[in-house]
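Overview (structure and organization)
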Amino acid sequence: MKIGIIGAGMIGGTLARRWTRLGHEVFIANSRGPETLGELAAETGAKAVTRAEAARAGEVVVLTIPQKAVLDLPRDLFANVPKDVVVIDTGNYYPIRDGQLAELDGGMVESEWVASRLGRPVVKAFNNIYFKSLLEKGTAKGTPGRTALPVAGDPPEARAKVIRLVDELGFEPVDAGGLSDSWRQQPGTPAYTQDLDEARLKQALAQAERHRIPEYRNAANDSLKKYLAT
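Definitions and cut-offs
Residues numbered from 1 in each chain as written. Predicted model: local features only at pLDDT ≥ 70, side-chain atom pairs only at ≥ 80, totals over all residues. Heavy atoms only, no water. Buried < 20%, exposed > 50% of the residue type's maximum accessible area, 1.4 Å probe, protein only. Helix = DSSP H or I, 4+ residues; strand = E, 2+ residues; numbered from the N terminus. Pairing = 2+ DSSP bridges. Right-handed = clockwise from strand over helix to strand, strands pointing away. Contact = heavy atoms within 4.5 Å. Axes fitted to C-alpha atoms, helices over the stretch in contact; angles between N-to-C directions. Patch = residues over 30% accessible without salt bridge, like charges linked within 9 Å, V, L, I, M, F, W, Y side chains within 5 Å. Areas by Shrake-Rupley, 256 points an atom, 1.4 Å probe, with all protein chains shown as cover. Salt bridge = Lys/Arg side-chain N within 4 Å of Asp/Glu carboxyl O. Expected span 1.5 Å × (residues − 1). Arc of directions from axis to C-beta.

Attention now goes to the pairing of strand β1 (residues 2-6). With respect to burial, β1 is a largely interior element, 4 of its 5 residues being buried. Sheet topology note: the β1/strand β2 (residues 25-29) ladder contains 5 bridges and is parallel. Considered in β2, the bridge of Ile5 is made with Ile28. The handedness of the β1 to β2 crossover, carried by helix α1 (residues 10-21), is right-handed.

Printed below as a string of structure tokens:
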């Protein structure tokens, strides 16, 4: 499969490493230009490209950038990308890093906001796992206690394609419903960065309460603040 990745941070770089090892053709971009990605490209075998080229690279495009950086993307980035290309959003909103975003503070679901900015559907995945776990914890299907990852998004056939990719990477995919349900895997929720198995992840998703989103977000924001202070 040809896969574009926009964002070359911890998650983007890790996905590039994992997918190239699995035989996929990966095209990776960042905001600073392909000339800044030579080392990562040489290590992984991914091709360093512009953001526009990554968006048009193939069947799947992963957007893995800070929430605030979505505002800086060209509004026409996906204008000529075929409708059947699946866009995966791995982003999370942390006000301490991203500044205050009024729509999100007002209750809009993070990835629904991203979809509205891009002008096309997205699938939420890979946002609730640390990059180190993504790099190291993949196991064969059927392994007892296999780490599970939620996948939420529209339409169902796009979600199904991402579910297959999650499984291939060595994680138990959990169908977490449409994009409107993706708040259940946002920062601070019971499912966030816990490396749970399938049964416990489903339980954690079910335990999340929408009215507590501000509470979840504040807790996650405080944790990041403490981490940055160390």
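Burial analysis of strand β7 (residues 148-153) places 6 of its 6 residues in the buried class, the great majority of the element. Burial along β7 is two-sided: the residues Ala148, Pro150 and Ala152 and Leu149, Val151 and Gly153 are all buried. Strand direction decides the pairing type here: β7 and strand β8 (residues 172-175), joined by 4 bridges, are parallel. Counterpart to Leu149 in the pairing with β8 is Pro173. Chirality of the crossover, the property in question, places the unit of β7, helix α8 (residues 156-168) and β8 among those that are right-handed.

Further remarks concern the sheet that holds strand β5 (residues 86-89). The 8 strands lie next to each other as β3-β2-β1-β4-β5-β6-β7-β8, forming an open sheet whose pairing is mixed. The open sheet has two edge strands, β3 (47-48) and β8, and neither has a second partner. With 4 bridges joining them, strand β4 (residues 60-63) and β5 adopt parallel strand pairing. Counted as the bridge partner of Val61 is Val87 from β5. Strand contacts of helix α6 (residues 110-118): β4, β5 and β6 (123-124), with the helix running at about 135 degrees to β5, the strand carrying the most contacts.

Turning to a nonpolar patch on the surface, a few remarks are in order. Residues Ile96, Tyr227 and Leu228 make up a contiguous nonpolar surface patch of roughly 330 Å² in combined accessible area. Within the secondary structure, Tyr227 sits in helix α10 (residues 213-229).

Turning our attention to α8. A rise of 1.5 Å per residue sets the reference length of α8, with its 13 residues, at 18 Å; its end C-alpha atoms lie 18 Å apart and thus fit the reference within 8%. Along α8, the residues classified as buried are Ala158, Arg159, Lys161, Val162, Leu165 and Val166. All buried residues of α8 fall inside an arc of 160 degrees around its axis, so they share one side. With respect to the buried face of α8, the exposed residues turned more than 90 degrees away are Pro156, Glu157 and Arg164. Looking one or two residues past α8, Gly170 carries a phi angle of roughly 100 degrees, positive in sign.

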